[in-house]
Amino acid sequence: MVYTIKAVSMATGVSIETLRAWERRYGVVQPKRDASGRRAYEPADVLRLKKLREATENGHAISKLAKLSDEQLNSTALMAQSATALEHNAPAFAQRMLKAAENYQPDQCDHALSMAMALLPLLEVIKQVISPVLKTVGERWHQGSLTIGQERIISQSIEKHVTIALDNYNRITAGSPIVFAIVGSERHEFGILMSALLAASHGFRCVYIGPEIPAEDLAVLVTRVNARALVMSFVFSKTASNKNELRKLLGLCPSWLPIWVGGSDSASLTAGITDSRLIVIDNFERYEQELDLLAIKNQ
Ligand code: B12
């Protein structure tokens, strides 16, 4: 996986201008270039840049630090090892996001998620950072121990990071897209946002439409963009009207279009609907398998 300069800047806390200057003047890292000549940083670059930032914050000159190997940077007393720098695992990032929301620190919440996305495999971020954080937020909001404002700090941070990452991937993918949208009155969109990011990381172009789309409009859209699959998610969809919308959609969509449905209400929503295009996908591993099969099918 490679990262754009924007993603690296967010993950390391070093501004884009400073990153360019450090690279130009001191050669701190030598990122590869993508097909369009844009910098494509490796995970090791991100780690190195973060260490360099921490060391400069401790008063060391970048001109001297730039000459040190990663090992030297790690082992020297340069790094006043902060507790957070050591805690690069998924539960710790999830905790940091929740703590930041509790303390009304949106920047800290963003930083924790950026770091998680830069340092952990994407599936781990989705399964062990974003999903549990959303679940905890829901539970705590229900209990009254988290306000709507605190919930929004987290939701906005997730939405922003996933959207930016998706956009970055979309710049380097081509071909018929997978469409991510939900018919009916369902408003929970994080399931399709996470699924879109995962599909993008598998090399699929993704068209993200979001929730609350009428069946007629969605059917036209998938046809016009020449979708190769449609992905939906249902979380609060026990209503008969959503089931009717889904039935209507099936009646209008192309006969060959795979329609994948995930989310905690997907089984109850699709119960009693028999259609060979419809697949209920209840976990991200299975979803990745379907993505792999789709990639082969379209070769
Ligand atoms: C954020 C949030 C909202 C936001 C949504 C914002 C947004 N842009 O998405 C807003 C404020 C709009 C909202 C509204 C409501 N919400 Co709400 N919300 C949540 C919260 C905190 C997170 C939702 C979320 O995204 N969860 C993550 C999802 C995606 O989890 P999941 O369905 O379990 O899915 C898992 C997997 O199946 C997988 N997955 C999901 N989709 C897909 C798709 C594919 C293809 C794949 C492979 C995998 C996959 O991802 C998840 C991984 O763990 C949850 C808490 C929670 N426990 O989830 C409540 C929650 C979902 N909301 C709930 C409720 C009741 C509501 C409201 C009715 C509240 C109200 N009275 O107005 C409305 C309903 C609006 C509507 N018509 O849909 C309940 C639902 C209970 C139920 N199912 O009966 C929950 C569980 C809170 C609770 N404990 O009561 N909500």
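Here goes a summary of the coordinates provided. Nothing here was measured: the structure is a model prediction, and the numbers come from that model.

1. As for the pattern of salt bridges
Phase 1 of the analysis: With the rule as written, the count across this model stands at 15 salt bridges.
Phase 2 of the analysis: Its salt-bridge partner being Arg38, residue Asp34 comes within 3.6 Å of it at the nearest N-O pair.
Phase 3 of the analysis: Judged by its relative accessible area of 22%, Asp34 falls in the partly exposed class.
Phase 4 of the analysis: Among the residues examined, Arg38 registers a relative accessible area of 38% and is labelled partly exposed.
Phase 5 of the analysis: Members of the salt-bridge network, linked through shared partners, are Glu23, Arg33 and Arg39.

2. Regarding the packing of helix α9 (residues 122–143) against helix α15 (residues 284–297)
Phase 1 of the analysis: Where α9 contacts α15, the axes come no closer than 11 Å and their chain directions differ by 150°. Note on packing geometry: the crossing formed by α9 with α15 is right-handed. Residue-level contacts link Leu123, Ile126 and Lys127 of α9 to Phe284, Glu285 and Glu288 of α15.
Phase 2 of the analysis: For the contact of α9 with α15, the class distribution of residues is three nonpolar, no polar and three charged.

3. Observations concerning unusual backbone geometry
Phase 1 of the analysis: Notably, Tyr104 is not glycine yet its phi reads approximately 55°, a positive angle.
Phase 2 of the analysis: Its place among the elements puts Tyr104 in the loop between α7 (90–102) and α8 (106–119).
Phase 3 of the analysis: Here Glu212, not a glycine, exhibits a phi torsion of approximately 60°, which is positive.
Phase 4 of the analysis: Along the chain, the position of Glu212 falls in strand β4 (residues 206–213).

4. Some points on the coordination of the cobalt atom of the ligand
When four donors bind a metal tetrahedrally, each ideal donor-metal-donor angle is 109.5 degrees, and when six bind octahedrally, the ideal angles are 90 or 180 degrees.
Phase 1 of the analysis: For the cobalt atom of the ligand, the protein contributes exactly one donor atom, His188 (NE2), at 2.3 Å.
Phase 2 of the analysis: With respect to the helices and strands, the residue His188 is situated in the loop between β3 (178–183) and α11 (190–201).

5. Examining the nonpolar core
Phase 1 of the analysis: Core analysis: the biggest nonpolar cluster contains 74 residues, and Val129, Leu230, Leu249 and Tyr287 have the highest contact counts within it.
Phase 2 of the analysis: Residue contributions to this core peak at nine residues, all from α11.
Phase 3 of the analysis: In this structure, Leu249 is in contact with Val183, Ala215, Leu218, Ala219, Leu230 and Met232, ignoring residues within four places of it in sequence.

6. Here's the deal with the site of the ligand
Phase 1 of the analysis: Of all residues adjacent to the ligand, which total 29 residues, the nearest are Lys135, Arg187, His188, Glu189 and Ser233.
Phase 2 of the analysis: One of the side-chain nitrogen or oxygen atoms of His188 is found 2.8 Å away from a nitrogen atom of the ligand.
Phase 3 of the analysis: At 2.8 Å from an oxygen atom of the ligand is found a main-chain nitrogen or oxygen belonging to Glu189.
Phase 4 of the analysis: Those elements giving two or more residues to the shell around the ligand turn out to be α9, α10 (148–170), α11, β5 (229–233) and α15.
Phase 5 of the analysis: Broken down by element, the shell around the ligand gets its largest block of residues, five residues, from α9.
Phase 6 of the analysis: Of the residues assigned to the shell around the ligand, the class counts are ten nonpolar, twelve polar and seven charged.
Phase 7 of the analysis: Looking at which domains feed residues into the shell around the ligand, each of domain 2 (87–166) and domain 3 (173–297) supplies at least three.

7. Some details on the packing of aromatic side chains
Phase 1 of the analysis: This model, assessed by the stated rule, comprises two aromatic pairs.
Phase 2 of the analysis: Measuring from centroid to centroid gives 6.5 Å for Phe284 and Tyr287, while their planes differ by 75°, and the two rings are edge-to-face. Of the two residues, Phe284 and Tyr287 are both situated in helix α15; the distance of three residues between them amounts to about one turn of the helix.
Phase 3 of the analysis: What makes Phe284 buried here is its relative accessible area of 18%.
Phase 4 of the analysis: Overall, Tyr287 belongs to the buried group, its relative accessible area being 3%.
Phase 5 of the analysis: Members of the aromatic cluster, joined through ring pairs, are Trp260, Phe284 and Tyr287.

Criteria and cut-off values
- Note that residues are indexed from 1 along each chain, following the sequence as it is written.
- Per-residue local features of the predicted model are confined to residues with pLDDT of at least 70, and side-chain atom pairs are confined, for both listing and counting, to 80 or more; whole-chain, interface and lining totals are unaffected and use all residues.
- With hydrogens and water excluded, all non-hydrogen atoms of the structure serve as input to the side-chain values.
- Salt bridges, as used here, are contacts in which a Lys or Arg side-chain nitrogen is within 4 Å of a carboxyl oxygen on Asp or Glu.
- Buried residues are those whose accessible area, probed at 1.4 Å on protein chains only, stays under 20% of the maximum for their type, while exposed residues exceed 50% and partly exposed ones sit between those limits.
- In this analysis an axis means a line fitted to C-alpha atoms, helices contributing only their contacting stretch, and an angle means the value between N-to-C directions, from 0 to 180 degrees.
- By definition, any uninterrupted DSSP run of H or I lasting at least four residues is a helix, any uninterrupted run of E lasting at least two residues is a strand, and each is numbered from the N terminus.
- Left-handed describes a crossing in which the near helix is turned anticlockwise from the far one by less than a right angle; the clockwise case is right-handed.
- Only heavy atoms matter for contacts: two residues are in contact if any of them lie within 4.5 Å across the pair.
- Note on residue categories: nonpolar means Ala, Val, Leu, Ile, Met, Phe, Trp, Tyr, Cys or Pro, charged means Asp, Glu, Lys or Arg, and polar means any other residue, Gly included.
- Here a donor is an N, O or S atom found within 2.8 Å of the metal, or within 3.2 Å if the metal is Na, K or Ca; sites may look incomplete because water is not among the atoms.
- As used in this record, nonpolar core signifies buried Ala, Val, Leu, Ile, Met, Phe, Trp, Tyr and Cys residues forming a set joined through side-chain atoms within 4.5 Å.
- The near set for a molecule or strand comprises every residue that places at least one heavy atom within 4 Å of it.
- For the purposes of these results, a polar contact is taken to be a pair of N or O atoms within 3.5 Å, where, inside protein, one atom must be able to donate a hydrogen and its partner to accept one; residues adjacent in sequence count only when each atom of the pair is a side-chain atom.
- Source of the domain bounds: an automatic or database domain assignment.
- Aromatic pairs are defined between Phe, Tyr and Trp rings, using the six-membered ring for Trp, whenever the two ring centres lie within 6.5 Å; interplanar angles under 30 degrees are classed as stacked, those over 60 as edge-to-face, and all others as tilted.

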